Amino acid sequence: MTDKKPFAWETAIAWKNKDRIVVRGYDVNELTGTISFAEHFHLVLKGELPTPEVGRMTDAIMVNMAEHAMSPSSATVRFATSGGAELNAAVAAGVAGIGRLHGTADRPAELFLSVARRADEEGLADAEAARRVVAEMRAVKERMPGFHHAQHIRDPRTARLMDLSGKLGITGRHVTIARAMEDATEAVFGRRIWINGPGAMGCVGLDMGYEPLQLKALFIVCRSLSLCAHSIEEMTREKGWRASSNSPMVQPLDLSMQGPDHYDGPADRTLS
Ligand SMILES: CC(C)(COP(=O)(O)OP(=O)(O)OC[C@H]1O[C@@H](n2cnc3c(N)ncnc32)[C@H](O)[C@@H]1OP(=O)(O)O)[C@@H](O)C(=O)NCCC(=O)NCCS
């Protein structure tokens, strides 16, 4: 027992003592006012400062993905806030609303990696592996993560991210694979299924050197800005509960939308 070390968190991310805070080897005060938050994101998550191009693209993705009006996560934040949740609790609820179908940059990234793996393992050209994966997923009606958008159809964020990635010299194998998949949809679906914003983030992010989970983290970090804004606005502009019959518009929790007309479960019954 006595030769055991006292417990301590072992970490490669940062250390501190009474006078200093050191992040990945850099004094936090040297970083402060010197690097951007996007560069800091890369440093903290990946352990090294990014190249100027990757730093700029990380920042661009953060701006591009931070705010998206009403979405599953912002609506969740608003409902949680309307119940009186504190800012941090409401934001945590919103973050919990990011999932398989919303903010899914990690899932498209995994898909593009699987196409690259398939091409390598089967000796196929990337475009042919992309075509086969699109056809196979369509055959079993499996949705391709990172494609199509429920509201935009052709997501306006995608072209800007792809364009910037080209201009910054980032575009590489994974962007090319994503584009090949989009091209392949024309023959497979009889129409084009467009890469959406998180899909663009997924392929560009891989070409920037991020891992899928790090891309999910990038989405969570930048979208938390929006979630804070929606929570504070809900707190300061609305009365709470989202149900007041005095409100000038019908509220989402209004009684009029919760009556028997909107119920299709079993009819009234008794236990006896
Ligand atoms: C988000 C999503 C649920 C929206 O679906 P929707 O707008 O309700 O679209 P529908 O489910 O009605 O599908 C409409 C058509 O487009 C196709 N489609 C939609 N999204 C598709 C996708 N990701 N991959 C393949 N086909 C897709 C459907 O197969 C359907 O075609 P069909 O009628 O010929 O079978 C869906 O696009 C999806 O699952 N996308 C992947 C997840 C994703 O990237 N989410 C991030 C968005 S921010």
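Note that the structure is predicted; figures quoted are calculated from it, not measured. Residue positions within a chain follow its written sequence, with the count starting from 1. Owing to the predicted nature of the model, reporting of local features is limited to residues with pLDDT of at least 70; listing and counting of side-chain atom pairs is limited to 80 or more, with chain, interface and lining totals taken over all residues. Excluded from the side-chain calculation are hydrogens and water; included are all heavy atoms of the structure.

**Observations concerning the domain arrangement of the chain**
Item 1. What counts as a domain boundary in this text is fixed by an automatic or database domain assignment. Taken as a whole, the chain is organised into domain 1 (9–49) and domain 2 (106–213).
Item 2. Look at where the C-alpha atoms of domain 1 and domain 2 centre, and you get two points 33 Å apart.

**What to know about the packing of aromatic side chains**
Item 1. Side-chain rings of Phe, Tyr and Trp (the six-membered ring for Trp) are treated as a pair once their centres are within 6.5 Å; stacked means planes under 30 degrees apart, edge-to-face means over 60, and tilted covers the remaining angles. By the definition in use, this model includes 3 aromatic pairs.
Item 2. Between F112 and F147, the ring centres sit 6.3 Å apart and the planes meet at 75°, which makes this aromatic pair edge-to-face. In this pair, F112 sits in helix α6 (residues 106–122) while F147 sits in the loop between α7 (126–139) and α8 (156–167), placing the two residues 35 residues apart along the sequence. Each member of the pair, F112 together with F147, is buried. A run of H or I in DSSP becomes a helix once it reaches four residues, and a run of E becomes a strand once it reaches two; helices and strands are each numbered from the N terminus. Whether a residue is buried, partly exposed or exposed follows from its accessible area with a 1.4 Å probe, protein chains only, as a fraction of its type maximum: under 20%, in between, or over 50%, in that order.

**Points about a nonpolar patch on the surface**
Item 1. A surface patch of nonpolar side chains, amounting to about 240 Å² of accessible area, comprises L87, I232 and M235.
Item 2. Locating I232 in the fold gives a position in helix α11 (residues 212–237).
Item 3. A relative accessible area of 42% places I232 in the partly exposed class. Here, patches come from residues exposed beyond 30% relative accessible area and free of salt bridges, joined within 9 Å for like charges and within 5 Å for nonpolar side chains (Val, Leu, Ile, Met, Phe, Trp, Tyr). In these tables, accessible area is a Shrake-Rupley quantity obtained with a 1.4 Å probe, and a residue counts as shielded only by the protein chains included in the view. A pairing counts as a salt bridge when a side-chain nitrogen of Lys or Arg comes within 4 Å of a carboxyl oxygen of Asp or Glu.

**Observations concerning the packing of helix α9 (residues 173–189) against helix α10 (residues 197–207)**
Item 1. A fitted line through C-alpha atoms serves as each axis, taken over the contacting stretch for helices, and the angle formed by two N-to-C directions is quoted from 0 to 180°. As a packed pair, α9 and α10 sit with axes 7 Å apart at the nearest point and diverge in direction by 150°. Classified by the angle their axes make, α9 and α10 are roughly antiparallel. Residue-level contacts link R173, H174, V175 and A178 of α9 to C203, V204, L206 and D207 of α10.
Item 2. Here the nonpolar group is Ala, Val, Leu, Ile, Met, Phe, Trp, Tyr, Cys and Pro; Asp, Glu, Lys and Arg are the charged ones; every other residue, Gly included, is treated as polar. Its residues assigned to classes, the contact of α9 with α10 shows 5 nonpolar, 1 polar and 2 charged. Here is the rule for angles: anything less than 35 degrees is roughly parallel, anything more than 145 is roughly antiparallel, 65 through 115 is roughly perpendicular, and the remaining ranges are oblique. The contact definition used throughout considers only heavy atoms, calling two residues in contact when any of these lie within 4.5 Å.

**Digging into the site of the ligand**
Item 1. Residues in close proximity to the ligand total 15 residues, the closest being R143, M144, G146, F147 and N196.
Item 2. Here a polar contact is taken to be a pair of N or O atoms separated by no more than 3.5 Å, where protein atoms must pair a possible hydrogen donor with a possible acceptor and residues adjacent in sequence count only if both atoms sit in side chains. R138 has a polar side-chain atom sitting 2.9 Å from an oxygen atom of the ligand.
Item 3. Contact between the ligand and F147: a nitrogen atom at 2.9 Å from a main-chain N or O atom of the residue.
Item 4. Coverage of the ligand by the protein amounts to 71% of the 870 Å² it exposes when considered alone.
Item 5. Of the residues contributing to the shell around the ligand, the split by class is 7 nonpolar, 5 polar and 3 charged. Nearness is judged by heavy atoms alone; a residue qualifies as near a molecule or strand once a single heavy atom is within 4 Å of it.

**What about helix α3 (residues 52–66)?**
Each α-helix winds once per 3.6 residues, and so residues spaced three or four apart point in a common direction.
Item 1. Given a helix with a known number of residues, its expected span is that number minus one, times 1.5 Å. Taking 1.5 Å of rise per residue, the 15 residues of α3 would be expected to cover 21 Å, and the 21 Å separating its terminal C-alpha atoms lies within 8% of that figure.
Item 2. Along α3, the positions that sit buried rather than exposed are V54, G55, M57, T58, A60, I61, M62, N64, M65 and A66.
Item 3. Tucked inside the fold, the buried residues of α3 contact α2 (37–46), α8, α10 and α11.

**Regarding the packing of α3 against α8**
Item 1. Orientation of α3 relative to α8, taken along the N-to-C sense of each, is 175°, at an axis distance of 11 Å. Judged by the angle between their axes, α3 and α8 are roughly antiparallel. On the side of α3, the interface is formed by R56, M57, A60, I61, N64 and M65, while α8 contributes R157, L161, L164 and S165.

**Side note on the sheet that holds strand β3 (residues 26–27)**
Item 1. Strand pairing is assigned whenever DSSP identifies at least 2 bridges connecting the two strands. Taken together, 3 strands build an open sheet; the order of strands is β1-β2-β3 and the sheet is antiparallel. If you trace the sheet from one side to the other, it starts and ends with β1 (14–16) and β3, each paired once.
Item 2. Of the strand pairs in this sheet, β1 and strand β2 (residues 21–23) are connected by 3 bridges, and their pairing is antiparallel. In the strand pairing of β2, W15 is matched with V22.

**Some thoughts on the pattern of salt bridges**
Item 1. Across all of its chains, the model carries 22 salt bridges by this definition.
Item 2. The salt bridge involving E238 is made with R242; its shortest N-O contact spans 3.5 Å.
Item 3. One salt-bridge network, in which partners are shared between bridges, spans R78, E233, E234, R237, E238 and R242.

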